[in-house]
Amino acid sequence: MTTSVGLLHPGAMGAAVGKLLVDQGLPTRWLPAGRGPATRRRAAEAGLTEAADLAGCDVVLSICPPASAVDVAREVAASGFAGVYLDANAISPGHAREIEELFDGRASVVDGGIVGSPPRHDGSTRLYLSGKDAGLVESLFAGTFLTPIALDGPVGRASALKLAFASYNKLTYALAAQAHALAARHGVGDVFRELAGVVRRDTPLGAAGAIESAGQRAWRWEGEMAEIAAACTEAGLSPALLTAAQELFGRWREHRDDEGVTAGELLAALTVTPKDTPDVTQPG
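Residues numbered from 1 in each chain as written. Predicted model: local features only at pLDDT ≥ 70, side-chain atom pairs only at ≥ 80, totals over all residues. Heavy atoms only, no water.

## Section: the side chain of Thr144
Tracing the backbone through its elements, the reader meets Thr144 in the loop between helix 5 (134-140) and strand 8 (146-150). A distance of 3.1 Å separates the side chain of Thr144 from the backbone oxygen of Leu146, its partner in a polar contact. Thr144 has contacts with Leu20, Gln24 and Asp122, leaving out every residue within four places of it along the chain. (Helix = DSSP H or I, 4+ residues; strand = E, 2+ residues; numbered from the N terminus. Polar contact = N/O pair within 3.5 Å; in protein donor to acceptor, adjacent residues only side chain to side chain. Contact = heavy atoms within 4.5 Å.)

## Observations regarding the packing of helix 6 (residues 157-185) against helix 7 (residues 189-199)
Close contact between helix 6 and helix 7 brings their axes to 7 Å; oriented N to C, the two are set at 145 degrees. Taking contact as the criterion, the partners of Ala179, His180, Ala183 and Ala184 in helix 6 are, on helix 7, Gly189, Phe192 and Arg193. (Axes fitted to C-alpha atoms, helices over the stretch in contact; angles between N-to-C directions.)

## Some thoughts on the packing of aromatic side chains
Summed over all chains, the structure comprises four aromatic pairs. Considering the side-chain rings of Tyr85 and Phe103, the 4.8 Å spacing of their centres and the 40 degrees angle between planes classify their relative orientation as tilted. Residue Tyr85 is located in strand 5 (residues 84-87), and its partner Phe103 is located in helix 4 (residues 93-103); the two are separated by 18 residues in the primary sequence. On the accessibility criterion, Phe103 (0% relative accessible area) is buried. Geometrically, the ring pair formed by Tyr173 and Trp221 is tilted, given 5.2 Å between the ring centres and 55 degrees between the ring planes. With Tyr173 in helix 6 and Trp221 in helix 8 (residues 210-234), this residue pair connects regions lying 48 residues apart in the sequence. Residue class for Trp221 comes out buried when judged on its relative accessible area of 4%. (Phe/Tyr/Trp six-rings, centres within 6.5 Å; stacked < 30°, edge-to-face > 60°. Buried < 20%, exposed > 50% of the residue type's maximum accessible area, 1.4 Å probe, protein only.)

## Examining the pairing of strand 4 (residues 59-62)
In the case of a regular strand, side chains alternate between the two sheet surfaces. Neither face of strand 4 is open: one carries Val59 and Leu61, the other Val60 and Ser62, and all of them are buried. Bridge count for strand 1 (residues 5-8) against strand 4 is four bridges, and the pairing is parallel. From the neighbouring strand, Val5 faces strand 4, where its bridge partner is Val59. Across four bridges, strand 4 lies against strand 5 in parallel orientation. Bridge assignment links Val59 to a residue of strand 5, and that residue is Val84. Where the polypeptide runs from strand 4 across helix 3 (residues 69-78) and back to strand 5, its parallel neighbour, the crossover connection is right-handed. (Pairing = 2+ DSSP bridges. Right-handed = clockwise from strand over helix to strand, strands pointing away.)

## Some points on the confidence of the model for the protein chain
It should be kept in mind that the predicted coordinates are not to be read in detail where pLDDT is low. For the protein chain, per-residue confidence averages 94 on the pLDDT scale, and residues scoring 70 or more make up 96% of the total. Here residues 277-284 is a poorly scored stretch, pLDDT under 50, and it has one contact once near neighbours within four places are set aside; other chains count. (pLDDT = per-residue confidence, 0-100.)

## Details of the layout of surface pockets
Roughly 360 Å³ of volume is contained in the second largest pocket. In terms of lining, the second largest pocket is formed by 17 residues, of which the most central are Ala174, Gln178, Ala244, Glu247 and Leu248. When contributions to the lining of the second largest pocket are tallied by element, the ones reaching two or more residues are helix 6 and helix 9 (240-250). The biggest single contributor to the lining of the second largest pocket is helix 6, with seven residues. (1 Å grid on protein atoms, 1.4 Å probe; cavity = no way out; pocket = protein on both sides within 12 Å on 5 of 7 lines; lining within 4 Å. Points joined across faces, edges and corners; volume = space filled by probe spheres on them.)

Next comes the structure, spelled out in structure tokens:
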């Protein structure tokens, strides 16, 4: 029997993952209602089939911005879906468990964490999975460019692993941007870029185009920082680093997928103006 899959919603990562399923011969549907031309183009290029609803789907994959993950799951649960629901979003373990509770046992929830770039070649991307039916989802991607790894344990474990890795990975970009902005504001930006390019060439600090790439993706990373902050709080760790990074990435929100944005524009956006600074003056 062939497994029928529903994909919500095909962004850059989701479309690439969906194409792997199509290439495996699995009928993979998506819901075009309310989606823009860019999403429609990605879905068509991936070979996804348009559908009005999720009726007949055995497995549903949710790959969306983390801030939308719980709302998307709530809509699917309300539809009466009773198959296997994979939440593969960068959400906190607490939100992963909340999603499991939304289905109240009617559907089997698998917690997923994607690490890496959109899977287009071997060894680029991993999908960590936890939950009762993690093995079933693992089997869907066996032999593809997306390496599935099922973890022992309940929903929440895959999300914890994903966010732990992302906390380091994304914070390096925030630190790099802050360092470049600091140098630029003190008039040594050019010298700093040369230094970083020689001494830290293979890191976000010195890699060509790293700041611009981060700026284009910051609209997703801002929400991801909030999820990691929540995970830290849940674990009894300070969320301060993550909330600071969330604020930094929020300053780049308007440059969503802007391939023409420059590092200079992004660094200028980090300058704190008087309206950004809370008034801590004590009454006389």
